Amino acid sequence: MKALVALILLVQLPIHKAVPAAPPAPLGCDDPESEAAAEVAVSYINGHSHHGYKFALNRIENIRVLPQGLNDDIIFLELDLLETTCHVLSPTPLANCTVRSFTQHAVEGDCDVKLQKLDGKLSVLASKCHSHADSSEDVLRLCPDCPLLASLNNAEVLTTVTAALSDHNSKTADAYLRLLEIGRAKIQYYPVHIVSVEFAVAATNCTAEEAKDNVEACQLLPDDQSNFGFCTAKMLTRPSKDLRVDCQLYGHQPGVTYSQTGQDTSAGLVPSVVQGFTNHNLRLSHNNPVASESSSSEFPTCMLSVKSVAKRAVAEVAQHDKVPHPVGFVPPPPPCPGKIRHFKI
């Protein structure tokens, strides 16, 4: 009888089943973890860009995280970037680089970046970008008199760069400078005709005086002595003529190199790349298809993306609007896209 009673009591005991842990909530684009990943991604993009300018983060468009194991995640980021005034060869930290304003004919970059977070450390696995100037119509709508970007192989642009570099070399007692690339150019037609150019340069093994005798013998310094720099120039052609040039050398930067094309860059052009274009495209340095989640086999199709979560969040906000809320109630923002840091193109 005692055994029977014990059995009955045992059957009546509650059965406890292990409850699986809820999956972590998806990251929002403005969460600190997302911004930390974006900072690493932007630093990688600028550090691996071979031409043009550094870019700054404007907005995190999307983020997805795929757990791989204990303390091991794969992260996919979609980023909006804006061009700064710092050339990729400049030692100026990105935080001190000025983002070009909308009226300066801004250039936007769109990037997909794949990262790994292993034991708390972030590293970039792949990047895929493209960059483009804002439309002329948008600039002129806001600033009808603002000069627009000109093609980097425009005849007036090439003439101005050649004249500016010649003028600098004729007046300096320091190293003879050679042109690496034209970075940016604008032409103002009214009320005066002005061509404005920016271009990267490098010091050679000749002084400017020595170059007068045999300029062909002047070669760029080897990597362990390299000295890159940057010039800006403005040439006024009408109604009068004037040329103003400012060149600055950065000094030797260990580990910083310039990607040579192996072809003549006397005009500052990367053949078949910038001819007819107004900016250096990030795609030339960042074109790995696995950086995009749509091209990755690591995400199963059943996984819920942040974009779908964002849609659901918007729907929930709409539902909240149908019921009364306390005074001062602020509906939660959708997790993505994130905030705009500068301006939207």
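Conventions used here
- Residues numbered from 1 in each chain as written.
- Predicted model: local features only at pLDDT ≥ 70, side-chain atom pairs only at ≥ 80, totals over all residues.
- Heavy atoms only, no water.
- Core = buried A, V, L, I, M, F, W, Y, C linked by side-chain atoms within 4.5 Å.
- Buried < 20%, exposed > 50% of the residue type's maximum accessible area, 1.4 Å probe, protein only.
- Helix = DSSP H or I, 4+ residues; strand = E, 2+ residues; numbered from the N terminus.
- Contact = heavy atoms within 4.5 Å.
- Pairing = 2+ DSSP bridges.
- Axes fitted to C-alpha atoms, helices over the stretch in contact; angles between N-to-C directions.
- Phe/Tyr/Trp six-rings, centres within 6.5 Å; stacked < 30°, edge-to-face > 60°.
- Disulfide = S-S within 2.5 Å.

Some thoughts on the nonpolar core
Judged by nonpolar contacts, the single largest core of 23 residues is most densely connected at L77, L79, L81 and V113. Looking at this core, the elements that each hand over two or more residues are α2 (32–47), β1 (53–69), β2 (72–87), β3 (107–118) and β4 (121–133). Per-element accounting of this core gives the leading share, five residues, to α2. Excluding residues that lie within four positions of it along the chain, L81 makes contacts with V42, I45, F55, A56, L57, N58, V107, E108, G109 and C111. In terms of nonpolar packing, the next biggest core, distinct from the first, is built from 19 residues, A164, L165, L179 and A185 among them.

Digging into the sheet that holds β3
Remark on secondary structure: sheet strands pair via backbone hydrogen bonds, oriented parallel or antiparallel. Spatially, the four strands line up as an open sheet ordered β1-β2-β3-β4, and their pairing is antiparallel. Edge positions in the sheet fall to β1 and β4, since each of these pairs with one other strand and no more. Averaged over neighbouring strand pairs, the angle between their axes works out to 15 degrees when direction is ignored. As paired elements, β1 and β2 share 13 bridges and run antiparallel to each other. Within β2, the residue paired with R64 across the bridge is F76. Of the strands in this sheet, β1, β2, β3 and β4 touch α2, which is tilted by about 125 degrees from β1.

Section: the packing of aromatic side chains
According to the stated counting rule, one finds two aromatic pairs in the structure shown. Note on Y53 and F230: the rings are 6.1 Å apart at their centroids and 80 degrees apart in plane angle, and the pair reads as edge-to-face. You can see Y53 sitting in strand β1 and its partner F230 sitting in strand β8 (residues 228–238), a full 177 residues away along the chain. Given the relative accessible area of 2%, Y53 is considered buried.

Comments concerning the state of the cysteines
In total, this model carries six disulfides according to the counting rule given. Covalent S-S linkage joins C206 and C218, the inter-sulfur distance amounting to 2.3 Å. On the sign convention where negative means left-handed, the S-S torsion of about -110 degrees between C206 and C218 marks this disulfide as left-handed. Of this pair, C206 sits in strand β7 (residues 193–207) while C218 sits in the loop between α5 (208–211) and β8, and the two are twelve residues apart along the sequence. For the pair C206 and C218, one class covers both residues: buried. Here C231 engages in a disulfide with C247; their sulfurs sit 2.0 Å apart. Taking the sign of the torsion about the S-S bond as the criterion, the disulfide between C231 and C247, at about 115 degrees, is right-handed.

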